[in-house]
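Next come the chains, spelled out residue by residue.
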Protein chains: 4
Amino acid sequence: MIEAAPTTAADVLEHATEVRVRYPECDPMGFAHHSSYVVWLELARVELLRIWGLTHRELDAAGAHLAVVRLAVEYKRPARYDDVLSVSARLSRVTPARLEIEHVARRGAEVLCTGRVTICCLRADGRPQRFPPELRVILDNVPLEAAEGI
Amino acid sequence: MIEAAPTTAADVLEHATEVRVRYPECDPMGFAHHSSYVVWLELARVELLRIWGLTHRELDAAGAHLAVVRLAVEYKRPARYDDVLSVSARLSRVTPARLEIEHVARRGAEVLCTGRVTICCLRADGRPQRFPPELRVILDNVPLEAAEGI
Amino acid sequence: MIEAAPTTAADVLEHATEVRVRYPECDPMGFAHHSSYVVWLELARVELLRIWGLTHRELDAAGAHLAVVRLAVEYKRPARYDDVLSVSARLSRVTPARLEIEHVARRGAEVLCTGRVTICCLRADGRPQRFPPELRVILDNVPLEAAEGI
Amino acid sequence: MIEAAPTTAADVLEHATEVRVRYPECDPMGFAHHSSYVVWLELARVELLRIWGLTHRELDAAGAHLAVVRLAVEYKRPARYDDVLSVSARLSRVTPARLEIEHVARRGAEVLCTGRVTICCLRADGRPQRFPPELRVILDNVPLEAAEGI
């Protein structure tokens, strides 16, 4: 079993990750391609999980694959090559089988995009399962105002 | 000015494109990564535009960059490496400054994901503009039931 | 065990695959990014394998992962968005543990790049192994002039 | 004209960049896809340029596109998801129209891959040109033992 690092509720709910826009992530117009943001949002979720003491690698090894079941992104201003962005992930809702994460990508004070991602847990055969105990422990400590049902 | 090919309303509204899942589009669980679908949906939109007689290259050259401003995807079943998918794009709404396209990705009869993408038109400096005439001509021919305001 | 389709030597040695350059495969200069060609060369190898009656999926399932151990690419002319390329893969050398494939990517008669890729076979733990029997059967039928040692 | 930051020869020749392997950069075997390394090598070159006081964005704006004309990579050990790698770029040769950069990607003390990349300078129309003055200034300060002709 994976041992989750001790965390406090304040740490649990939100984390921002720095991302620098790569050359091949930009399109012929010089803007970051809209699919690149989807990758960056995941990087922010990965770092939030890491603060919780969990990694995709360990979860995959434990047979618990966190899968995106719903994705919604609003693109407000284009990112360009070499921009340094701050991409945040905030746990906004929890149910026994689903998490919802809200994202904001910023360049300095400017909001470039917002996103909302719903995650469930799949077995290796692609069928849904409940979240594994190491993740449940963390989610059970999430303050109530964040723990609305989806 | 770009010359749009003559089309009939029946052609205009929907088109499906075949996509084979590539090895680097799949993740360590063997499932296609959720960002890969975002790329495939764009491929289907590109082919719908091509049927209309337009290409991104010509539009970009004409200073009219079609940009995604909103993206929503529901993932229902995972695609795997080497699967052959049919990805459809259907023009569902039109306003003077925005298009909405509905997507479905299928493997045979199975629906793997659905998506809704809102497109606007940007100038090279990233600011919004109205759709160029060659696209307006096509959109003006879209039957009324598809041309609801967004 | 995987059943290889019957092939003749003429089929075995070379195959060309059509690839259309995708928007996110191009960089802010409007040229296809040099890493995109690396993905296209693999697509051509995959189709050569398919002609041999083999797929990466089946080989992976059989515990035989074909891995690239050496890659050399010469870029001669840039590909651009929406170009349709022909990418060939030709088996050029065989040893008990390695294959060498030569690639050419063309746009019409123009050669855009050439590549040479050396493949070995890894176990799931990342250690090298001999090629599996279903691949050996095919390689043993390769005419002698192509079967020089590496 | 772009102003290059003052550098000393010791700074100029080599720089290592940290890269964390992303989930979508890994394939169904759990190994980083061989095309991902090509992207990482470029990240290391970008950071070497940055130390020289130059960015791709400024060079592109000045009409000087640095393009890869030759790429050779030796893959020695596979990288896996979430590995933190150190990727170095070292200027090894200079001619009036070409640069050669040598790369090593390491995970701790282990060498995962080595690469050699030859760069030339293209105009916006895709034709070769000499390096721009802001880059020549830097290259002229490279010690002789690194400045062999290619």
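Residues numbered from 1 in each chain as written. Chains lettered and ligands numbered in written order. Predicted model: local features only at pLDDT ≥ 70, side-chain atom pairs only at ≥ 80, totals over all residues.

A.B. asks: Outline the overall build of chain A, listing residues and values.
C.D. replies: Summing up its helical and strand segments, chain A has four helices and six strands in all. Walking chain A from its N terminus toward its C terminus, one meets helices and strands in the order α-β-α-α-β-β-β-β-β-α. Taking all 150 residues of chain A together, the buried fraction comes to 41%. Sequence separation of at least 24 residues holds for 72% of the intrachain contacts in chain A that already meet a minimum separation of 6. (Helix = DSSP H or I, 4+ residues; strand = E, 2+ residues; numbered from the N terminus. Buried ≥ 20, exposed ≤ 12 C-beta atoms within 10 Å, placed from the backbone. Contact = placed C-beta atoms within 7 Å.)

A.B. asks: A description of helix α2 (residues 34-51) of chain B should follow, citing residues and the corresponding values.
C.D. replies: Residue and element names in this part refer to chain B. Taking 1.5 Å per residue, 18 residues should reach 26 Å; α2 reaches 27 Å between its end C-alpha atoms and fits that length. With 14 of 18 residues buried, α2 lies mostly within the body of the structure. G53 sits one or two positions beyond α2 and adopts a positive phi of about 90°. (Expected span 1.5 Å × (residues − 1).)

A.B. asks: Give a description of the relation of the copies chain A and chain B that names residues and reports values.
C.D. replies: In screw terms, the move from chain A to chain B is a rotation of 180° and a rise of 0.0 Å along the axis, fitting with an RMSD of 0.0 Å. Interpreted geometrically, this transformation is the action of a two-fold axis. Rotation axis and chain A: the residue whose C-alpha lies nearest the axis is A72 of chain A, separated from it by 2.1 Å. The share of interface residues of chain A whose copies in chain B are also at the interface is 100%, consistent with both copies meeting through the same surface. (Least-squares fit on C-alpha atoms with pLDDT ≥ 70 in both.)

A.B. asks: An account of the confidence of the model for chain A is requested, with residue identities and associated values reported.
C.D. replies: When pLDDT is averaged along chain A, the result is 86, and 86% of the positions lie at 70 or above. Reported confidences for the modelled complex are a pTM of 0.90 and an ipTM of 0.87. (pLDDT = per-residue confidence, 0-100.)

A.B. asks: Break down the interface of chain A and chain B for me, citing the residues and quoting the values.
C.D. replies: Residue-level contacts link 18 residues of chain A with 18 residues of chain B. Of all the elements in the fold, those that place two or more residues in the side of chain A that touches chain B are α2 (34-51) and β2 (65-75) of chain A. It is β2 of chain A that provides the largest number of residues to the side of chain A that touches chain B, a total of nine residues.

A.B. asks: Which residues make up the nonpolar core, and what values go with them?
C.D. replies: In this structure, W40 of chain A together with W40 of chain B are the most contacted members of the largest nonpolar core, which totals 84 residues. The residues touching W40 of chain B, leaving out its near neighbours within four places in the chain, are V19, L85, V87 and A105 of chain B. A44, L48 and L54 of chain C together with V46 of chain D belong to the second-largest nonpolar core, a separate cluster that totals 78 residues. (Core = buried A, V, L, I, M, F, W, Y, C linked by C-beta atoms within 7 Å.)

A.B. asks: A description of unusual backbone geometry should follow, citing residues and the corresponding values.
C.D. replies: Residue and element names in this part refer to chain A. Phi is positive for D82, close to 80°, though the residue is something other than glycine. Relative to the elements of secondary structure, D82 occurs in the loop between β2 and β3 (84-94). Exposure remark for D82: the 16 C-beta atoms within 10 Å place this residue in the partly exposed category.

A.B. asks: Give a detailed account of the packing of α2 of chain A against α2 of chain B, specifying residues and quantitative values.
C.D. replies: Where α2 of chain A meets α2 of chain B, the closest approach of the two axes is 9 Å, and the angle between their N-to-C directions is 170°. When the interaxial angle is binned, α2 of chain A and α2 of chain B end up roughly antiparallel. Of the residues in α2 of chain B, those touching α2 of chain A at H34, S35, V38 and V39 of chain A are H34, S35, V38 and V39 of chain B. Along the lines of polarity and charge, the residues of the contact of α2 of chain A with α2 of chain B split into four nonpolar, four polar and no charged. (Axes fitted to C-alpha atoms, helices over the stretch in contact; angles between N-to-C directions. Parallel < 35°, antiparallel > 145°, perpendicular 65-115°, else oblique. Nonpolar A, V, L, I, M, F, W, Y, C, P; charged D, E, K, R; others polar.)

A.B. asks: Lay out the pairing of strand β5 (residues 110-122) of chain D in plain terms, naming residues and giving numbers.
C.D. replies: Residue and element names in this part refer to chain D. Here strand β2 (residues 65-75) pairs with β5 via 10 bridges, running antiparallel. Across the sheet, residue Y75 finds its bridge partner in β5, namely C113. Sheet topology places strand β4 (residues 98-107) next to β5; 10 bridges connect them, and they run antiparallel. Note on β5: the bridge partner recorded for A105 is C113. (Pairing = 2+ DSSP bridges.)

A.B. asks: Break down the pairing of strand β3 (residues 84-94) of chain C for me, citing the residues and quoting the values.
C.D. replies: Residue and element names in this part refer to chain C. Direction of pairing for strand β1 (residues 14-20) relative to β3: antiparallel, over a ladder of seven bridges. Pairing of E14 across the sheet is with R90, part of β3. Across eight bridges, β3 lies against strand β4 (residues 98-107) in antiparallel orientation. Each residue of the ladder has a partner; that of V87, found in β4, is A105.

A.B. asks: Kindly report on the environment of P128 of chain A, identifying the contributing residues and their values.
C.D. replies: All names here are of chain A. Considering the arrangement of structural elements, one finds P128 in strand β6 (residues 128-129). Separated by 31 residues in the primary sequence, P128 and A97 have C-alpha atoms spaced 8.2 Å apart. Non-local contacts of P128, meaning those with residues more than four positions away in its chain, are made with A97, C120, C121 and L122.

A.B. asks: I'd like a description of the environment of R45 of chain B, backed by residues and values.
C.D. replies: Residue and element names in this part refer to chain B. Positionally, R45 belongs in helix α2. Judged by C-beta crowding, with 23 C-beta atoms within 10 Å, R45 ranks as buried. Counting along the chain gives 44 residues from R45 to A89, while the straight-line C-alpha distance between them is 5.7 Å. Excluding residues within four positions of it along the chain, R45 makes contact with A89 and I101.

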